[in-house]
Amino acid sequence: HRTPAFDGWRGMVLVAATYIYFLIFAQFGFLQRLTDAGIGAAALKPILAAMAAGGIAASLAAGRMGQRSAGRRLPMALLGCAIAAGLTLVPLNRAGAAAISLLIGISLGTLTVTLVSNLRLWAGARRPLLWVGLGTGLGYWICNFPALFTALPQHIAMAAMAACLAALPAAASGRADAAPESPASATEIDRSKPVAFGLVLAWFTALVWLDSAAFFIIQNSPALKAGTWQGAAHLWRTGAVHLVAAIACVWLLARRGTATALLAAFGCLAGACLLLLNPAHGSAAAFLYPAGVSLYSVALVAYPSLLLGGVTAEQRSRRAGWIYAVAGWMGSAMGIGMAQHLHRIPVWFVAAAAVLFLVPMVVRYGRTYWREAVALVLVLATSWGVEHLLAGHAKPASLTAVERGRQVYISEGCINCHSQYVRPGSPDVQMWGPAGNLEAIRHEHPPLIGNRREGPDLTNVGARRSRLWLRIHLIDPRAVSYGSIMPSYAYLFRDQRGDDLVAYLASLKNPGALRHVLHEAATWEPARSAAGEAAHIDGAKLYTEFCATCHSPRGEVRQRWGGDFRHRPPRLDSATLNKMAEGKTPAELKLHLERIIKFGVPKTSMPGHEYFPDAQIAALANYLMSRDHASATN
């Protein structure tokens with residue numbers, strides 16, 4: 001009797017569906033859905049903790065069940081996953097979200113451990129490892145389809161539900177009544193020297209830890225996200241890298257064994273994590289990160305059933321439960337926690353993980369060269385002690401808020417959209433202030449002169465914008481800058497990074513910057529043609545878009561931040577305008593308003609609109625003085 005060539009297609013479908021559900025929904029779309037439902041960051045932790053608790057408990061429980069009733073358990077787990085995804089389509093509150101999160105964890109924990117510990121029931125006996133690689137690669141590839149990756153959370157939930165339901169026939173038609181596997185059946189693929197299970201578990205935990213931390217950092221850093229998986233071209237490239245790396249892992253596992261495949265995965269992930277320390281290297285990390293993820297993901301699925309030899313089917317099932325409970329759920333939580341608190345992956349952690357992966361080599365060579373190793377350690381310890389005695393245990397000076405803010409400015413990639421150099425002898429001087437000292441800029445480490453202006457030049461932003469305005473703009477750019485394309489950096493204010501960045505931006509001003517703004521505000525006049533052109537511009541619309549947020553009673557900024565202003569923005573009603581008009585002719589009042597619109601009010605939170613054409617400034621001033629505005633505000 002010959003085994004059909006495509007006997008393992010069921011395993012491929014099930015592995016792909018599982019990864020699609022986990023990656024695009026449980027790890028991504030579900031969180032977006034919670035955010036859209038208005039569930040804040042404070043409530044997210046207990047909700048996600050419910051998912052982790054359910055996943056850990058279900059993984060360990062499924063591991064104890066072994067092959068018993070696996071053919072019925074897997075379809076039920078898929079159905080549970082589909083139901084959980086469908087429930088997110090209804091309006092959510094905190095209690096409902098926590099219950100759904102728990103169901104996701106239980107269903108996903110049961111699904112993964114049942115599948116990987118009984119993989120031969122669905123992947124067949126002929127090249128099961130290849131089907132696992134294809135399923136993993138296809139799962140990641142599909143998740144990177146631009147239409148799916150950028151879809152609304154509701155659409156992502158429906159796609160995840162569809163993937164689970166589509167996989168049900170494959171689960172139901174598996175060889176659930178197959179005879180129990182023998183202890184030796186899993187060794188026919190991995191013929192390399194066996195590695196202790198505890199060490200493999202530690203390797204998987206370190207890999208998931210690094211993966212989760214890197215994913216969180218990229219997802220929450222606009223500069224890194226833009227260079228990795230933002231845009232259709234990046235997504236197609238990432239999907240292709242995942243697919244190629246998954247197939248490459250099949251070859252590594254079959255020819256070189258588990259240890260070599262996981263070491264290759266660590267090399268890719270460690271390289272990506274080190275590159276992510278500098279946003280300028282994000283494009284290189286965009287290749288290494290998906291390659292490392294797919295390399296270990298194939299091994300994570302294949303190891304319990306296909307690579308873990310010398311044990312019974314029941315033992316493999318229990319070990320699968322421990323792998324997914326400890327490495328899968330706990331490792332993921334620890335990685336995200338590290339990224340949330342440190343906002344980077346420390347070099348020392350990558351180095352510690354490297355030592356972990358080199359344990360077999362160290363043990364092998366340590367037995368032969370232990371005397372030399374002891375001597376080297378003694379020399380290094382002596383050198384370290386002498387160095388610290390000579391240095392007098394001097395502690396490095398702590399960084400100021402401005403210095404820390406500059407580091408945040410660099411790490412968030414602000415240079416990609418903002419310059420810090422006013423071009424001498426150009427219209428820049430009137431708009432942004434006097435030019436800086438180019439020689440001084442060259443001696444900065446690193447220079448942040450910039451060469452792009454998706455946003456305004458920031459050379460003298462500290463003289464033109466208040467600290468409160470900068471804070472509001474970083475948290476919600478469109479609240480104070482209508483139509484701004486800048487992303488929100490609200491996540492920086494979950495810790496001190498946001499305040500440090502504000503301190504740095506507020507420090508950006510040349511000694512003569514404020515004098516320049518005051519001089520321009522007192523002498524500037526709009527072009528003569530502006531008055532005629534203003535008649536064709538809707539001043540009321542300009543007021544609604546750019547001014548009402550602070551100056552209208554129901555303005556967004558006025559209501560949310562009103563208590564934080566040193567000088568509360570005045571209501572621009574008739575009484576205020578009449579007071580401004582005292583001692584002025586209508587023409588003088590109009591010019592006074594135009595100068596405020598253009599340059600703001602220095603030393604307050606009233607910003608200038610330096611980029612407004614003269615005609616728009618004139619149209620806005622005309623509207624403020626008009627009866628239409630008076631009737632709208634009184």
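Numbers given to residues run from 1 along each chain, matching the order in which its sequence is written. For a predicted model such as this one, the threshold for reporting local features is a pLDDT of at least 70, and the threshold for listing and counting side-chain atom pairs is 80 or more; totals across whole chains, interfaces and linings nevertheless cover every residue. Computation of side-chain values: all heavy atoms of the structure, hydrogens and water removed.

1. Quick notes on the packing of helix α13 (residues 282-307) against helix α14 (residues 313-342)
In contact at an axis separation of 9 Å, α13 and α14 are set at 160° when each is read in the N-to-C sense. Between α13 and α14, the interaxial angle falls into the category roughly antiparallel. Crossing angle aside, the handedness with which α13 passes α14 is right-handed. Contact with α13, carried on its side by Leu300, Val301, Tyr303, Pro304 and Ser305, involves Arg316, Ala320, Ile323 and Tyr324 of α14 and no other residues of that element. Residues that form the contact of α13 with α14 fall into these classes: seven nonpolar, one polar and one charged. In this description, a line fitted to the C-alpha atoms serves as the axis of each element, helices being fitted only across the stretch in contact, and the angle between N-to-C directions of two axes falls anywhere from 0 to 180 degrees. Secondary structure elements are defined from DSSP: runs of H or I of at least 4 residues count as helices, runs of E of at least 2 residues count as strands, and each element is numbered from the N terminus. Should an angle fall under 35 degrees it is taken as roughly parallel, and over 145 as roughly antiparallel, whereas 65 to 115 is taken as roughly perpendicular and any remaining angle as oblique. Should the near helix be turned anticlockwise from the far one by less than a right angle, the crossing is termed left-handed; should it be turned clockwise, right-handed. By definition, residues are in contact when any of their heavy atoms lie within 4.5 Å. For this classification, Asp, Glu, Lys and Arg are treated as charged, while Ala, Val, Leu, Ile, Met, Phe, Trp, Tyr, Cys and Pro are nonpolar and the rest, including Gly, are polar.

2. Section: the pattern of salt bridges
Salt bridges are defined as contacts in which a side-chain nitrogen from Lys or Arg sits within 4 Å of a carboxyl oxygen from Asp or Glu. Counted according to the given criterion, the structure contains seven salt bridges. A salt bridge links Glu610 to Arg464, with the nearest nitrogen and oxygen atoms 3.5 Å apart. Of this pair, Glu610 sits in the loop between α31 (586-599) and α32 (614-624) while Arg464 is found in helix α21 (residues 461-464), placing the two residues 146 residues apart along the sequence. Working definition: with a 1.4 Å probe on protein chains only, accessible area under 20% of the residue-type maximum means buried, over 50% means exposed, and in between means partly exposed. Judged by its relative accessible area of 11%, Arg464 is buried. We note a salt bridge from Asp499 to Arg471, for which the minimum N-O separation is 2.6 Å. A residue pair is termed long-range when its members are at least 10 positions apart, and Asp499 in helix α24 (residues 497-506) and Arg471 in helix α22 (residues 467-475) qualify at 28 residues. Overall, the relative accessible area of 28% leaves Arg471 in the partly exposed class. In this structure, a network of salt bridges that share partners links the residues Glu412, Asp495 and Arg497.

3. Things to note about α24
Taken across its ten residues, α24 has nine buried, putting it largely inside the fold. When α24 is considered as a whole, its buried residues turn out to be Arg497, Gly498, Asp500, Leu501, Val502, Ala503, Tyr504, Leu505 and Ala506.

4. Things to note about helix α25 (residues 513-523)
Helical geometry: 3.6 residues make up each α-helical turn, so side chains three or four residues apart lie on a common side. Every buried residue of α25 is accounted for by Ala513, His516, Val517, Glu520 and Ala521. Here the buried residues of α25 occupy an arc of 125° about the axis, which is enough to place them on one side. Exposed side of α25, more than 90 degrees from the buried face: Arg515 and Ala522 are the residues found there. Of the surrounding elements, those touching the buried residues of α25 are α19 (428-432), α21 and α31. This arc corresponds to the set of directions leading from the helix axis out to the C-beta atoms.

5. Focus on the packing of aromatic side chains
Within 6.5 Å between ring centres, the rings of Phe, Tyr and Trp (the latter by its six-membered ring) count as paired, and their orientation is classed by plane angle as stacked under 30 degrees, edge-to-face over 60, tilted in between. According to the stated counting rule, one finds 18 aromatic pairs in the structure shown. Aromatic side chains Trp348 and Phe349 sit 5.9 Å apart centroid to centroid with 80° between the ring planes, which places their arrangement in the edge-to-face category. The exposure class assigned to Trp348 is exposed, which follows from its relative accessible area of 58%. Aromatic pair Tyr489 and Tyr491: ring centres 6.1 Å apart, planes at 40°, arrangement tilted. Overall, Tyr491 belongs to the buried group, its relative accessible area being 12%. Members of the aromatic cluster, each reached through a chain of ring pairs, are Tyr482, Phe546, Tyr611 and Phe612. Between the NZ or CZ atom of Arg237 and the centre of the ring of Phe287, over which it lies, the distance is 4.9 Å. Cation placement over rings: the criterion is NZ of Lys or CZ of Arg within 6 Å of the ring centroid and within 35° of the ring normal. Lying over the aromatic face of Phe197, Arg319 brings its terminal NZ or CZ to 5.0 Å of the ring centre.

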